[in-house]
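# A look at the structure
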Amino acid sequence: MTRTIDDLIDAMTLKEQVSLLSGEDFWSLPAIERLDIGKLRVTDGPNGARGGGSLLGGVKSACFPVGIGLGATWNVELLEEIGAALAHEAKSKGAHMLLAPTVNIQRSVTNGRNFECYSEDPVLTAELASAYIVGLQGQGIAATIKHFAGNESEIERTTISSIIDERTLREVYFVPFEWAVKKAGAMGVMTAYNRVNGIYASEHNWLISDVLRGEWGFDGLVMSDWFGSHSTAETVNAGLDLEMPGPPRDRGAKLVAAVEAGEVSRETIRARVRAVLSVMERTGALHDRRAHEEHANDRPEHRALIRRAGAEGMVLLKNDNVLPLTAGQRIAVIGPNAKTAQIMGGGSSQLNPHYRVSPWEGLVSAVGEDALGYAPGCGNSRFQPLLQAKLQVEYFANRTLSGNVVHVETMEAAEAFWLDRIAQGKISSDRFSARLKAQFVPEEAGIYRLGVASAGLSKVYVNGTLVADAWTNWTRGRTFFEEGCDEVVGEVALDAGKPAEIIIEFATKDHSALGLAALRVGIGLPLGDAAIAAAVGTAANADVALVFVGRNGEWDTEGSDLPGIELPGRQNELVSAIARANRNTVVVLQTGGPIEMPWIDEVAGIVQAWYPGQEAGNAIADVLLGKAEPGGRLPQTFPVRWSDNPAYSQDPRVYPGMDGGVEYREGVFVGYRHYERHGISPLFPFGFGLSYTDFSLGELSVDNTRFEADGTVTVSLDVRNMGARAGSTVVQLYVAPENAPVARPEKELKALAKIGLTPGETRRLTMTLDARAFAYFDVENQVWAVAPGLYRLQLGTDSATTMLAEKVERMGRIAMLR
Ligand code: BGC
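Residues numbered from 1 in each chain as written. Predicted model: local features only at pLDDT ≥ 70, side-chain atom pairs only at ≥ 80, totals over all residues. Heavy atoms only, no water.

Turning next to the overall build of the protein. Secondary structure assignment for the protein yields 17 helices and 39 strands. C-alpha extents for the protein along the principal axes are approximately 85 × 80 × 50 Å. Of all 818 residues assigned to the protein, the portion counted as buried reaches 64%. Summed over all atoms, the accessible surface of the protein reaches about 28,400 Å², with 48% contributed by carbon and sulfur. Taken together, the 78 basic and 101 acidic charged side chains of the protein have centroids lying 1 Å from each other. (Helix = DSSP H or I, 4+ residues; strand = E, 2+ residues; numbered from the N terminus. Buried < 20%, exposed > 50% of the residue type's maximum accessible area, 1.4 Å probe, protein only. Areas by Shrake-Rupley, 256 points an atom, 1.4 Å probe, with all protein chains shown as cover. Lys, Arg positive; Asp, Glu negative; His and termini not counted. Charge placed at Lys NZ, Arg CZ, Asp CG, Glu CD.)

What follows concerns helix 4 (residues 76–92). An ideal rise of 1.5 Å per residue puts 24 Å on 17 residues; helix 4 measures up with 25 Å between its terminal C-alpha atoms. Inspection of helix 4 places Leu78, Leu79, Ile82, Gly83, Ala84, Ala85, Leu86, Ala87, Glu89, Ala90 and Ser92 among the buried residues, and these make up the whole buried set. In this structure, the buried residues of helix 4 make contact with strand 1 (42–44), helix 3 (67–71), strand 2 (97–99), helix 5 (122–138) and helix 12 (300–313). N-cap assignment for helix 4: the residue whose side-chain oxygen lies 3.1 Å from the backbone N of Glu77 is Asn75. (Expected span 1.5 Å × (residues − 1). Contact = heavy atoms within 4.5 Å. Polar contact = N/O pair within 3.5 Å; in protein donor to acceptor, adjacent residues only side chain to side chain.)

This part takes up the site of the ligand. The local shell around the ligand holds 13 residues, among which Asp44, Arg113, His147, Asp225 and Glu558 are the closest. Residue Glu558 places a side-chain N or O atom 2.6 Å away from an oxygen atom belonging to the ligand. Protein chains bury 95% of the 310 Å² of accessible surface belonging to the ligand in isolation. Considering only residue class, the shell around the ligand consists of five nonpolar, two polar and six charged. (Near = heavy atom within 4 Å. Nonpolar A, V, L, I, M, F, W, Y, C, P; charged D, E, K, R; others polar.)

Now for the pairing of strand 11 (residues 372–375). Looking down a regular strand, the side chains alternate between one sheet face and the other. As paired strands, strand 10 (residues 331–334) and strand 11 are joined by four bridges and run parallel to one another. Paired with Val333 across the strands is Tyr374, a residue of strand 11. In this fold, the crossover linking strand 10 to strand 11 by way of helix 13 (residues 359–367) has right-handed handedness. (Pairing = 2+ DSSP bridges. Right-handed = clockwise from strand over helix to strand, strands pointing away.)

This brings us to the sheet that holds strand 22 (residues 500–507). Pairing is antiparallel in the open sheet, where six strands are placed in the order 13-12-17-22-19-20. Edge positions in the sheet fall to strand 13 (407–413) and strand 20 (465–470), since each of these pairs with one other strand and no more. The average angle at which neighbouring strand axes cross in this sheet is 20 degrees, direction not considered. Here strand 19 (residues 457–462) runs beside strand 20; their pairing, made up of five bridges, is antiparallel. The residue of strand 20 that forms the bridge with Tyr461 is Leu466. (Axes fitted to C-alpha atoms, helices over the stretch in contact; angles between N-to-C directions.)

Turning our eyes to something else, we now look at the packing of helix 4 against helix 12. Between helix 4 and helix 12, whose axes approach to 11 Å, the crossing angle comes to 145 degrees. For helix 4 against helix 12, the interelement crossing comes out left-handed. Judged by residue contacts, Leu78, Glu81, Ile82, Ala85, His88 and Glu89 of helix 4 engage His302, Leu305, Arg308, Ala309 and Glu312 from helix 12. Residue classes in the contact of helix 4 with helix 12 are distributed as five nonpolar, two polar and four charged. (Left-handed = near helix turned anticlockwise from the far one by under 90°.)

Our next topic: the sheet that holds strand 27 (residues 661–663). Read across the open sheet, the four strands follow the order 7-6-4-27; overall the sheet is mixed. At either margin of the open sheet sits one strand with a lone partner, and together these are strand 7 (199–200) and strand 27.

Another aspect to go through is the pattern of salt bridges. Overall, the coordinates contain 56 salt bridges when judged by the stated rule. A salt bridge links Arg170 to Glu215; the shortest N-O distance between them is 2.7 Å. Here the residue Arg170 occupies a position in helix 6 (residues 166–173), and Glu215 occupies one in helix 8 (residues 205–215), the gap between them amounting to 45 residues. For Arg170, a relative accessible area of 3% puts it in the buried group. Owing to a relative accessible area of 42%, Glu215 belongs among the partly exposed residues under this scheme. Of the charged contacts, one joins Glu178 and Arg772 as a salt bridge, the two residues approaching to 2.9 Å between their closest N and O atoms. Of the two residues, Glu178 is situated in helix 7 (residues 175–182) and Arg772 in the loop between strand 34 (762–769) and strand 35 (776–778); the sequence distance between them amounts to 594 residues. (Salt bridge = Lys/Arg side-chain N within 4 Å of Asp/Glu carboxyl O.)

Positionally, Ala95 belongs in the loop between helix 4 and strand 2. In this structure Ala95 comes out as buried when scored by relative accessible area, which is 5%. Expressed as a C-alpha distance, the spacing of Ala95 and Ala257, which sit 162 residues apart in the sequence, is 32 Å. With residues near it in sequence (within four places) discarded, Ala95 still touches Arg41, Val42, Thr43, Ala90 and Ile141.

Take a look at the structure:
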């Protein structure tokens, strides 16, 4: 006889039921041996499956392009393939659930997690996320779409209240979650850290129980973000199934007591347990009795997929006949990102990649080193370069570096995240101190900059002298998920070749939200005028100069928003200097979002490559050399300047927030909707990207120019590759209401199709719009409303240029959709 989930719940004691509503540790739920119930294991995503290790080390994993890089592919089939590949990765880490995808909307250009999100547009985000989930779950791994809802910034991220009106939530921020539930059957949802209109997302009854479960019919598991639940009865009653991570903080014995006191009903507990068990059943976790193992599976098919996906997301923004590069050219490879592979952003999506290919390495394997010259020009890091040296670490079971050393280990670099039990389980990460010793051998003589940042207290001595002190006046800053201080930098004169002794002292302090101890020490010799001059020399001697600039995961990171969208350091100056020295200058950008480009008219080419995963340099070389089409189109508008962005305001309530709240005052006018409403010309519009070939869109035919409330409208057209190379284009269909009874965006993306064509090939494309594509949310009546009247259907290959248009008319009276 097979046991149903309800039989199992009946067989459990209250304590056992409650045990399934909290993690046991960081990444898993407890097993219930007595009933032969296995452990549900989760792993971060979204650009890979990191497994249960720390953010830094851990078993190696395949590193896929970050969210914005996938958003830029506009390729639904590709996202499904990636989802399926990630399922294999999750399995290799013994997990049943991937904490992905991230579908918050790119409201501001400075969000630290902008890189992790797909787009500023809800429909594009929803289409891609749904495909990713279908791919993932098709292979038996549950998705955990996140962060529901209103998590569009990293400022005061664990407490801020996102103040968003209901229509905006429904029309913009909810859409990816709604589609993921209704169209892709997402098995998991992670609530956001923040509050929504005053109430923590993790205890928001309306969000979780009314909308997600009630209206959309979600039948999976809702978990908190890590340490993002703050109450016992409130979260359980609101519909939050799982408090993460473990061990239990507000549940366990406290929840049993709350049930016994009548604050939570037994039926509610059963409902929460049923949700957990149903996902365990669907993913096989329920009967998974295998010992936990993690493997590094570096598969050739993943390598190939990542390389292809990287190129598919790269956006050719400008090309004055300079790309693709031609055989035999002498190429200057310049810039801080040339020899450093920028493959991912920072934060919980980080993983230990199988390998990382830098642009330099990608170019060397494509054209050989003899064709290349190199100069870094300047730096772009936010912190001093990580101290890479063998460190001996002595641990003390107190906060004063006193008494016996309880454990000794070595580290390969001066960067540590201490979570949970550490030092082989001998001490707890919230109460210890450590002394780390290393030798640093400078290659050159000079005044070095040494920086330390820590979640906890730290001091750094060089040859016995205190150089950087993040102990005495430690203050919370923007590192380590807002748990660390800003980097404290000191200077020290060092001689070439003469080893310097570095001693770092670290001690934990009382924690706040995340229970995390962390440390990072960097040291470096800043590049100066001579480095820019050397780069100019290299560029002047080449046929073409490639300048690899941008940011890295220190900037584009969970836990801190960007200070602005200018290229950091002296990179703008470097680009202009190189452009003066070589008229064939191509800028290859790697950032997790838009940047200002004061040199735009000075350079011949611009490619936006984002953070494309472990194959970064190969994918970049493929695009530069024309082995691959630059398949990407911008999923986010690039404004001329930061202040053009919808979330930029003189009023801090709009951004970054004030008195614990951030007001989404622009309402539904996010992204291109904002620029169009205010007549602001962007630097590059949403949906924009050039190809190495040309396309034409043929005549538009619409099946139904006058349609009834419940009818659909289907458009079709021929797309033709007019050029001599194979390539792809993205046809975008926007709906523009002409006489809306409420203020609506000038137009909204409602359908998209990426299409690859060989030279001269023509293909017929069909896109269907259902009633919802014309609707707005009527808050008073709590329905989607479609007003009668005229709608323009606008087709093009970016949001700024309408290539084809047709008017359709919705007949009859206003229609209400549920
Ligand atoms: C992030 C989540 C992530 C979780 C577990 C949090 O800091 O916001 O996206 O899944 O950590 O690492």
